[in-house]
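# A closer look at the structure
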Amino acid sequence: MITWGCQMNVYDSGKMSDVLAPLGYGPAESPADADMVILNTCHIRERATDKVFSELGRLRVIKETRAAEGKQTILAVAGCVAQAEGAFITERAPYVDIVLGPQTYHRLPEMVARAHRAAGPVIETDFPVEQKFDFLPETAPSAERAVTAFLTIQEGCDKFCSFCVVPYTRGAEASRPAAAVIAEAKHLVARGAREITLLGQNVNAYHGAGADGRDWGLARLAYALADIPGLDRIRYTTSHPRDMDDDLIAAHADLPALMPFLHLPVQSGSDRILAAMNRRHTADDYRRLIEKLRTARPDMAFSSDFIVGHPGETAADFEATMQLVRDIGFAQAYSFKYSPRPGTPAAGSPGMVAEPEKDGRLAELQALIRAQQDDFNARTVGLEIPVLVTGAGRHAGQINGRSPYLQAVHMDGPVSLTGQVVPVKVQGLMTNSLTATLINASPTQERASA
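Definitions and limits used
- Residues numbered from 1 in each chain as written.
- Predicted model: local features only at pLDDT ≥ 70, side-chain atom pairs only at ≥ 80, totals over all residues.
- Heavy atoms only, no water.
- Axes fitted to C-alpha atoms, helices over the stretch in contact; angles between N-to-C directions.
- Helix = DSSP H or I, 4+ residues; strand = E, 2+ residues; numbered from the N terminus.
- Contact = heavy atoms within 4.5 Å.
- Nonpolar A, V, L, I, M, F, W, Y, C, P; charged D, E, K, R; others polar.
- Pairing = 2+ DSSP bridges.
- Buried < 20%, exposed > 50% of the residue type's maximum accessible area, 1.4 Å probe, protein only.
- Disulfide = S-S within 2.5 Å.
- Expected span 1.5 Å × (residues − 1).
- Arc of directions from axis to C-beta.
- Phe/Tyr/Trp six-rings, centres within 6.5 Å; stacked < 30°, edge-to-face > 60°.
- Lys NZ or Arg CZ within 6 Å of the ring centre and 35° of its normal.

### Description of the packing of helix H9 (residues 246–254) against helix H11 (residues 283–296)
Each pair of packed helices can be summarised by the angle the axes make with each other and by the distance between the axes. Taken N-terminus to C-terminus, the directions of H9 and H11 make an angle of 35°; their axes are 8 Å apart at the nearest point. Residue-level inspection shows Asp246, Ile249, His252 and Ala253 of H9 in contact with H11, the latter providing Leu289, Lys292, Leu293 and Ala296. For the contact of H9 with H11, a count of residues per class yields 5 nonpolar, 1 polar and 2 charged.

### Side note on the sheet that holds strand S9 (residues 195–199)
The strand order across the open sheet formed by 3 strands is S6-S9-S12, and the pairing between neighbours is parallel. Every other strand in the sheet has two partners, leaving strand S6 (148–152) and strand S12 (233–237) as the edge strands with one partner each. Averaged over neighbouring strand pairs, the angle between their axes works out to 25° when direction is ignored. Taken together, the 5 bridges between S9 and S12 define a ladder with parallel strand orientation. Bridge assignment links Glu195 to a residue of S12, and that residue is Arg233. Against the sheet, helix H1 (residues 7–20) makes contact with S6, S9 and S12, and its axis sits at roughly 90° relative to S6, the strand it touches most. Sheet strands touched by helix H7 (residues 178–190): S6 and S9. Its angle to S6, the strand with the most contacts, is close to 165°.

### Side note on the pairing of S12
A regular strand places its side chains on the two faces of the sheet in alternate fashion. With 5 of its 5 residues buried, S12 lies for the most part within the structure. Here S12 shows no split at all, with Arg233, Arg235 and Thr237 on one side and Ile234 and Tyr236 on the other all buried.

### A closer look at the environment of Phe336
Counting through the fold element by element, Phe336 comes out in strand S15 (residues 332–337). C-alpha of Phe336 to C-alpha of Val308: the two residues are 28 residues apart in sequence and 6.3 Å apart in space.

### Regarding the state of the cysteines
Here a disulfide denotes a covalent bond joining the sulfur atom of one cysteine to the sulfur atom of another. What the rule picks out here adds up to 0 disulfides. The cysteine Cys157 is free of any disulfide, with Cys161 supplying the nearest cysteine sulfur at 6.2 Å.

### Some words on the sheet that holds strand S13 (residues 261–263)
Strand-to-strand pairing in sheets goes through backbone hydrogen bonds, with the strands running parallel or antiparallel. Taken together, 3 strands build an open sheet; the order of strands is S13-S14-S15 and the sheet is parallel. Of all strands in the sheet, those bounded by a partner on one side alone are S13 and S15. The average angle at which neighbouring strand axes cross in this sheet is 15°, direction not considered. Along the sheet face, H11 touches S13 and strand S14 (301–308) and points at about 165° away from the line of S14.

### Structural notes on helix H12 (residues 315–328)
With 14 residues, H12 extends 20 Å between its outermost C-alpha atoms, agreeing within 8% with the 20 Å of an ideal straight helix rising 1.5 Å per residue. For H12, the full list of buried residues reads Asp317, Phe318, Thr321, Met322, Leu324, Val325 and Ile328. An end-on view of H12 places all buried positions within 155° of arc, on one side of the element. In H12, those exposed residues whose orientation departs by more than 90 degrees from the buried face are Ala315 and Ala316.

### Thoughts on unusual backbone geometry
Geometrically, the link from Thr237 to Thr238 is a cis peptide bond, its omega value of 5° lying close to zero. Locating Thr238 in the fold gives a position in the loop between S12 and H9. You will see that Gln267, though not glycine, has its phi angle at about 80°, which is positive. Summarising the element assignment, Gln267 is placed in the loop between S13 and helix H10 (271–276).

### Description of the packing of aromatic side chains
Under the defined criterion, the tally for this structure stands at 3 aromatic pairs. Measuring from ring centre to ring centre gives 5.4 Å for Phe376 and Tyr405, while their planes differ by 80°; the resulting arrangement is edge-to-face. Here Phe376, found in helix H13 (residues 355–378), pairs with Tyr405, found in the loop between strand S17 (398–402) and strand S18 (408–412); they are 29 residues apart in sequence, far enough to count as distant. The ring of Phe53 carries Arg92 above its face, with NZ or CZ at 4.0 Å from the centroid. Lying across the ring of Trp216, Arg220 places its NZ or CZ 4.0 Å from the centre.

Treat this as a map of the structure, not an account of what it does.
Below you can see the structure in the form of structure tokens.
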């Protein structure tokens, strides 16, 4: 299984492994050892399709070598590139056996059977009426246990931002029933998960059917999950500012398990560009939302996404983005140059920004974001914070963990602490992590940090 892209793809890869387990499939050490290779693809980044075909070219050689040895190899392309390109994949790479979109993973065993007996490729890229989650098994007994886990609760998006392919590759917004989410969360906790990240293309638009017969929002779901014994931490990503309602903000104030770190993409600080992006919020809307969240939970820290060089972006528009970043102050952020995605509204828009200009703007933005991230990390030095221990470190006697703000933390301590939340004192900074010392070796309850 070769996985690219977001956390949801990681989750989907795990579920594909689960549905294949009853057929006798298990993890292979390398493609050369595999009876089946699945590329789980992402269509967000530039030249995503070219990357897939480049990898397929390498896999073709492996498939032909194994065929000469009398071994069959099934090649499958899954995910958003599969959804977007469909039959074009098998036209360009006829040695591919299966092409399946993100909504059809539950039918993978049937596709494998068809691939074994069919003369041509199997292509499943429709958006089936049934919810795929209704047909997916619980995590396979042989699945790897982990202290942290992903759990998809929502898929698709109805926002239709001008630059984004998600509505076309993942479909309309759909939410899982609350009972199914809670059951899977309990299953993950029983297998050792102490932190669960709820996933969705637009996760805070969650509106799943509740046990009381009403639709539950993300806030109501978070309260229910926080009652699961052993679930110490809850996160969610990715959110849209327009779906950050008062109930969810209040949940951040009420629930210690809901971590004080929120990824809330804004994309631009220019109202003119936000309108062109079809974001349906203004820069000041975003500022007011951040203020409400900080009032509810003063220790809240934020991450965001930014696109520079969207068609029509001027120097003044870019400066508005820089000012928004200065005003908010981010713990971290992701920033990208705009690149056209076929079929999206922005791809045909006038006013494309020259590449050298985009390069300069991106470098300037990333320098500011990096300075803010370094400052945020530096302010944790000397503080006592709760860290979830995730396992052994690279060095003898070292263990690793996560701060409430998703910072990687390294400290000396026994690996037996894995899965516990322990108090540490932050001692120093590394390039992308913190060093700390254990205050004591016994677990502690999560507590608010400075």
